[in-house]
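Structure assessment
The primary structure of each chain is shown beneath.
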Amino acid sequence: MKAFRILAAGLAGLSLAAMAHAEGGAAAHPHEPEGGWPFDGITGQFDMPSLQRGYQVYREVCSSCHSMKLMSYRNLGEPGGPFYDPDYPNPNDNPFVKALAADVEIQSPTPNEVGDYDFRPAMPADQFRSPYANVNAARAANNGAAPPDLSVIVKARHGGASYVYSLLSGYPHEDAISTREVTPAAVTTPASDNGTPDDPSDDVAEVSTPAEMQTIIDMSKVDIAGHEAAEGEHGDAGLLIQPAGQYYNPYMAGDTTPQYIGDPRRSPPGGFLAMGPQLTPGRVTFADGTEATTEQMAHDVAQFLAWASEPKQITRKSLGLPVMIYLGILSVLLWFSYKRIWRKVEH
Ligand code: HEC
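To keep things clear, this report deals only with the structure shown in the data block. (Residues numbered from 1 in each chain as written. Predicted model: local features only at pLDDT ≥ 70, side-chain atom pairs only at ≥ 80, totals over all residues. Heavy atoms only, no water.)

Comments concerning the sheet that holds strand β7 (residues 260-261)
With respect to topology, four strands assemble into an open sheet ordered β3-β4-β5-β7, the strand pairing being antiparallel. Each edge of the open sheet carries a strand with a single partner, namely β3 (177-182) and β7. Sheet topology places strand β5 (residues 239-242) next to β7; two bridges connect them, and they run antiparallel. Looking at β7, one finds that L239 is bridged to I261. (Pairing = 2+ DSSP bridges. Helix = DSSP H or I, 4+ residues; strand = E, 2+ residues; numbered from the N terminus.)

Comments concerning the site of the ligand
Taken together, 22 residues sit near the ligand, with C62, C65, H66, Y163 and M275 positioned nearest. At 2.7 Å, a side-chain N or O of H66 approaches a nitrogen atom of the ligand. Within the side chain of R157, one N or O atom sits 2.7 Å away from an oxygen atom of the ligand. For the shell around the ligand, the element with the most residues is helix α6 (residues 160-169), which contributes three residues. When the residues that make up the shell around the ligand are grouped by side-chain class, the tally is 17 nonpolar, four polar and one charged. (Near = heavy atom within 4 Å. Polar contact = N/O pair within 3.5 Å; in protein donor to acceptor, adjacent residues only side chain to side chain. Nonpolar A, V, L, I, M, F, W, Y, C, P; charged D, E, K, R; others polar.)

Side note on the environment of G44
In this structure, G44 sits in the loop between α1 (2-24) and α2 (48-60). For G44, a relative accessible area of 8% puts it in the buried group. Aside from chain neighbours lying at most four places away, what touches G44 is P38, F39, Q313 and K317. (Buried < 20%, exposed > 50% of the residue type's maximum accessible area, 1.4 Å probe, protein only. Contact = heavy atoms within 4.5 Å.)

Examining the coordination of the iron atom of the ligand
The protein atoms that coordinate the iron atom of the ligand are H66 (NE2) and M275 (SD), at distances spanning 2.0 to 2.1 Å. Geometry at the iron atom of the ligand is octahedral, judged from the six donor atoms that bind it and their angles of 84 to 178 degrees at the metal. Here the residue H66 occupies a position in the loop between α2 and α3 (95-102), and M275 occupies one in the loop between β8 (271-273) and α8 (294-309), the gap between them amounting to 209 residues. With a relative accessible area of 10%, H66 lands in the buried category. (Donors = N, O, S within 2.8 Å, 3.2 Å for Na, K, Ca; no water. Tetrahedral: all angles 85-135°; square planar, octahedral: opposite > 155°, others 65-115°.)

Points about the environment of Q242
Along the polypeptide, Q242 turns up in strand β5. On the basis of relative accessibility, which here comes to 11%, the residue Q242 falls in the buried class. Residues Q242 and S178, spaced 64 residues apart in sequence, show a C-alpha to C-alpha distance of 9.9 Å. If we skip the residues at most four places from it in the chain, Q242 touches T215, I217, Y247, Y248 and F272. In this structure the side chain of Q242 is engaged in a polar contact, spanning 3.5 Å, whose partner is the backbone oxygen of Q246. There is a polar contact of 3.2 Å between the side chain of Q242 and the backbone nitrogen of Y248.

Examining the packing of α2 against α8
Axis separation between α2 and α8 bottoms out at 7 Å; the angle between their running directions is 100 degrees. Between α2 and α8, the interaxial angle falls into the category roughly perpendicular. Packed against α2, whose contacting residues are S50, L51, R53, G54, Y55, V57 and Y58, the element α8 presents Q296, M297, H299, D300, V301, Q303, F304 and W307 at the interface. In terms of residue class, the contact of α2 with α8 is made up of eight nonpolar, five polar and two charged. (Axes fitted to C-alpha atoms, helices over the stretch in contact; angles between N-to-C directions. Parallel < 35°, antiparallel > 145°, perpendicular 65-115°, else oblique.)

Listed below in structure tokens is the structure:
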């Protein structure tokens, strides 16, 4: 009986989980960059030049809104990190890491002799600088939505690095966005229609709900990987109103139905978020001369965030595989010695 109850509870839990998953399915499925991730699989490793560019993108673009509180500058120069140099096993001595840190001004954690907090160049031991003093300041500056800390964002979101990549490179192109006059649906049904034909108050109701200027996204111009728009699905009627201060992204979890002019059953995947498109082509100038396309920057910063979420991944993999092979050989040896030791005993 007890076993049955446990089984029933387990099944109920599973079906709830399945429902939650179906709910999240409203967003487009995140996809990998072309060629996949170099760090995938049990022998995959991070691509160091890409991690270095990724840090540059974080530093020059994302760090003005997003903190990474679990990272210190010295982590960048640790084994497996983007700026590791075997000549400096202690990253605090690595001149390049020192220079990267010193490039950022942080508020000193200890007060000076008159009790104020000075600003000083960061040192390798310092935490990555946080752009806002606290979460309320972050909210106030970003339309009410605080930018989440990015230290472990790749572990915290379904789809991991592919999600970050898809989100950042998946905003509709600006050609698809226009501002035009939209007549709210309510206007077509006069509010005060009392059934009397030619009642002058009907006309008054119609005039008092004016057309509004709205930002609209032409969905036929938005390319969503893996989402085939059905014939006529996003035709002229299939437009999307973008709420002020909110940006449409097909990979963001959410629901576009209330914003969609057209058949609500065919509303496009995705949702709205308070972060606008960040990685416009050429937003950074890569030190290594790589062309800064939107996809390239999204790829590099997503890989950098994947490394930040698990900085010991390279060590884990390079140690893990030999250990697995060793354990495999050991099990075979143990099996044969067991057979040999017990060979004369009936069992
Ligand atoms: C101008 C400020 C700003 C900049 C610059 C910025 N973001 Fe954001 N970001 C935000 C805000 C605000 C949110 C929260 C949006 C929301 O929840 O509506 C956010 C949310 C996110 C999310 C989480 C989305 C989710 O699933 O909840 C990720 C991932 C992200 N940003 C990555 C980045 C990366 C990577 C960069 C640098 C390329 C970047 N952001 C640059 C403001 C910014």
